[in-house]
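Structure at a glance
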Amino acid sequence: MIGQEKLLEVIDKCAKLPRFIILVGEKGSGRHLVAQHIAKKLSAPLIVSEIGVDAIRALIPTAYRVTSNTVYLLPDVENMSPSARNALLKVTEEPPQNAYFIMTVTDTSFVLPTLRSRGTVLYMFPYTSLEIADFAKQHGYSDEEVYLASNVCSVPGDVLALHEYGIDEFVKYVNLVFDNIDKASTANVFKIGNKIKLKEADEGYDLRLFFRTFIKLCGDNFRQKKYVVWAQITSKILKDLKITGLNLSHTFDVWVLAIRGWETWTPLL
Amino acid sequence: MDTATLKSHIKQGKFDKFYIFTGPELFVRSAYIQQISKVRDITPRTFETFSEISRYANTLSLLQKASIYVIIDDMNILSDDTLQSVLERSDTFKNDTIIFVFNVLDKRNKFYKRFKDHVIEFEYLQSSILRGYIKKDLKLSDKGCDYLIDVCEQDYSRIRLEIDKILNFSKITGRTDYDKILVEFLNNGTIYVPPKDAIFDFVDAVLKKKKKLAYELLEDCKDIGEPSLVILSVLFSNAKQTLQVQSYTGNAKITEVAGITPFQVKLASARRDIYTDEQLVNLMTLVRDAEVGIKSGSVEEPIAVEYVLARLWG
């Protein structure tokens, strides 16, 4: 597993794995693969659970009844409701004999302090651009995809997403936005977000990938001050995307307006 | 798909396997369902989800008559690829007509994009058309019609209800001075004038720069427990629509260019040129900054709206 050799080494060297693991990393960083590795080490099946309160409440008595090693994966715990998180507390107070729990999360602040103190936190290692390029090459992607991926993707999941979009289509779209965002009328310009996934139920390009690719295009044109400012604006907004529950539609609209009004933009806050 | 195409299907008696009805105009939507039912001579059955009719259809015998299924606000199918694939299969529900009804359907949703050829949007009818419909039943002046349209917020279902009241009253009393009857009914509460939405009034006051009123209405919003994020979200969308309308100078219809409804255009037009474009952009940025602040913990949620107003107006 490219980029996580050290983490897997730590897991492999562990004589007795903890019953409750909190695996911290970005979406698409390979947390599920690490969970599979842990399950393999324990010679246990990996069961992916839903994280709704009803699912958690149903899971707990099952976990106490299993007679051989079983690993339960609770993915994306930042989306877990407070009642579901509280329901998990019992499992950490009196861990079931044969059950192991792995929670994946993007930041430990989403985990209740009580759960955090009872679990073992493992962090995914950040990927270098070389590792991203290697991942893309390993999957047989074209040179163009490898080059773009190493410049705009921070995790392997992004590389897979880029390939799924079709790199030509995606790059064409970002170029179209880049060329026209300050030319379209204000009434019309917000429609450029129509191909971007701004809500959960939407289809479309990942907003972070879109912004990173846009920044790359700005970088290719750094001789002009406008594009330097555009890159600054986009970088600032990109940082905000780490905040969970952010209204992406509003974020995108404000980005559009900031790009169009770049001459008066001030990097305050 | 537009209503003209749907009308031709009804006229020819040849229907698609399914349609997707959306939009706020309930009366017209229901009227089309009734027409389809009449032409096919089948009473529609109403369900909550597509999964239900899948199970129901599987228990039917092969000799079962064709059906019309009306499925209202099925949120499951919007993101369920498997169900969507079942819907697409040519052998599913061969002789039936399925009508999905969504009160609101986001155009960016994958269900919408996959089946947009089957979507018919029933927007509120324009005032000019509504006036025509009202006058067919009731001899009201143009002013009376506009008043009724405004009170009923362009909702034709509600307009019809109020017309019925007036006509019934006229039948009993023999009076035919409909404009006067309308005014009396509005004054004595016979015609329902909905209480203004607190958030709507607040947003309206902000966008019309009625500062004192805005702060008062904000207190009203808080008294009824409206969360700051909701208030901010409505303020953002209305500011955006105002910006789009006031900055637009093209010839094509703004509703098509900006993707906003005629009612939203009407509201935005009443608020235009009170702020400059730059000030509206600033307002949208302030609202978004407040939202980020709430989510990241740097802005206290209960005072987030005041935070925006203080920075907007100084």
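All figures in this text were calculated on a predicted structure; none of them were measured in a lab.

**Considering the overall build of chain B**
The helix and strand inventory of chain B stands at 17 helices and five strands. In chain B, buried positions account for 45% of the 314 residues. The contacts in chain B between residues at least 6 apart in sequence include a share of 72% that link residues at least 24 apart.

**What about the sheet that holds strand β5 (residues 119–121) of chain B?**
Residue and element names in this part refer to chain B. With parallel pairing, five strands are arranged side by side in an open sheet as β2-β3-β4-β1-β5. Edge positions in the sheet fall to β2 (45–47) and β5, since each of these pairs with one other strand and no more. On average, each strand axis in the sheet is inclined to that of its neighbour by 25°, with strand direction left out of account. Bridge count for strand β1 (residues 18–22) against β5 is three bridges, and the pairing is parallel. Following the sheet pairing, T22 is matched in β5 by E121. In the packing of helix α2 (residues 26–40) onto the sheet, contacts are made with β1, β3 (68–72) and β4 (97–102), and the angle to β4 comes to roughly 170°.

**Looking at the interface of chain B and chain A**
Taken together, the contact pairs 26 residues of chain B with 25 residues of chain A. Broken down residue by residue, the surface that chain B buries against chain A is led by R108, R288 and K295 of chain B, which jointly contribute 30%. Note that D240 of chain A is salt-bridged to R288 of chain B, the shortest N-O span being 2.9 Å. The tally of links from chain B across to chain A stands at ten residue pairs in polar contact (both at pLDDT 80 or more). Elements that contribute at least two residues to the side of chain B that touches chain A include exactly α6 (110–114), α13 (228–247), α14 (254–258) and α16 (277–296) of chain B.

**A closer look at α2 of chain B**
All names here are of chain B. Over its 15 residues, α2 extends 21 Å from the first C-alpha to the last, a length consistent with the 21 Å expected when each residue adds 1.5 Å. Among the residues of α2, those classed as buried are V28, R29, Y32, I33, I36 and S37. Among the structural elements, α1 (3–12), β1, β3 and β4 are those in contact with the buried residues of α2. The opening residue of α2 is E25, an N-cap whose side-chain oxygen sits 3.0 Å from the backbone nitrogen of F27. D41 sits one or two residues past α2 and shows a positive phi near 55°.

**Section: the pattern of salt bridges**
Residue and element names in this part refer to chain B. All chains considered together, the criterion is met by 26 salt bridges over all chains. Here D137 and R160 are joined by a salt bridge, their closest N and O atoms 3.5 Å apart. Taken together, the residues span a long stretch of sequence, with D137 in helix α7 (residues 127–137) and R160 in helix α9 (residues 156–173) at a distance of 23 residues. For E306, the salt bridge identified is with K222, shortest N-O distance 2.4 Å. Taken as a pair, E306 in helix α17 (residues 304–313) and K222 in helix α12 (residues 211–223) lie far apart in primary sequence, 84 residues in all. Note on E306: relative accessible area 22%, which makes it partly exposed.

**Considering the sheet that holds strand β3 (residues 70–74) of chain A**
Residue and element names in this part refer to chain A. Overall, parallel pairing links the five strands, which are arranged β2-β3-β4-β1-β5 in an open sheet. What marks the edges here is a single partner per strand, and that holds for β2 (46–48) and β5 (120–123). Looking at each pair of strands side by side, their axes are set apart by 25° on average, direction ignored. Relative to β3, β2 is paired through three bridges, and the arrangement is parallel. When the bridges of β3 are listed, L46 appears paired with V71.

Rules used in this analysis
Positions within a chain are numbered from 1, following the residues in the order the chain's sequence is written. To read the labels, note that chains go from A and ligands from 1, taken in the order they are written. At least 70 in pLDDT is required for a residue's local features to be given in this predicted model, at least 80 for side-chain atom pairs to be given and counted, and no such filter applies to totals for whole chains, interfaces and linings, which use all residues. Hydrogen atoms and water are omitted, and side-chain values are computed over all heavy atoms in the structure. Secondary structure elements follow DSSP: runs of H or I no shorter than four residues count as helices, runs of E no shorter than two count as strands, and numbering proceeds from the N terminus. Buried means the residue's accessible area, taken with a 1.4 Å probe over protein chains only, is under 20% of the maximum for its type, while exposed means over 50%, and partly exposed covers the values in between. Contact between two residues is taken to exist if any of their heavy atoms lie within 4.5 Å; hydrogens are not considered. Pairs of strands are assigned from DSSP output, requiring at least two bridges between the strands. Between N-to-C directions, angles cover 0 to 180 degrees, with each direction set by a line fitted to C-alpha atoms, over the stretch in contact for helices. Values labelled buried area give the accessible surface lost by two parts on being combined, using a 1.4 Å probe and summing over both. Counted as salt bridges are all cases of a side-chain nitrogen of Lys or Arg within 4 Å of a carboxyl oxygen of Asp or Glu. In protein, a polar contact means a hydrogen-donor-capable atom and an acceptor-capable atom, both N or O and within 3.5 Å, with residues adjacent in sequence counting only if both atoms are side-chain atoms; elsewhere, any N or O pair within 3.5 Å suffices. The span expected for a helix works out to 1.5 Å for each residue beyond the first.

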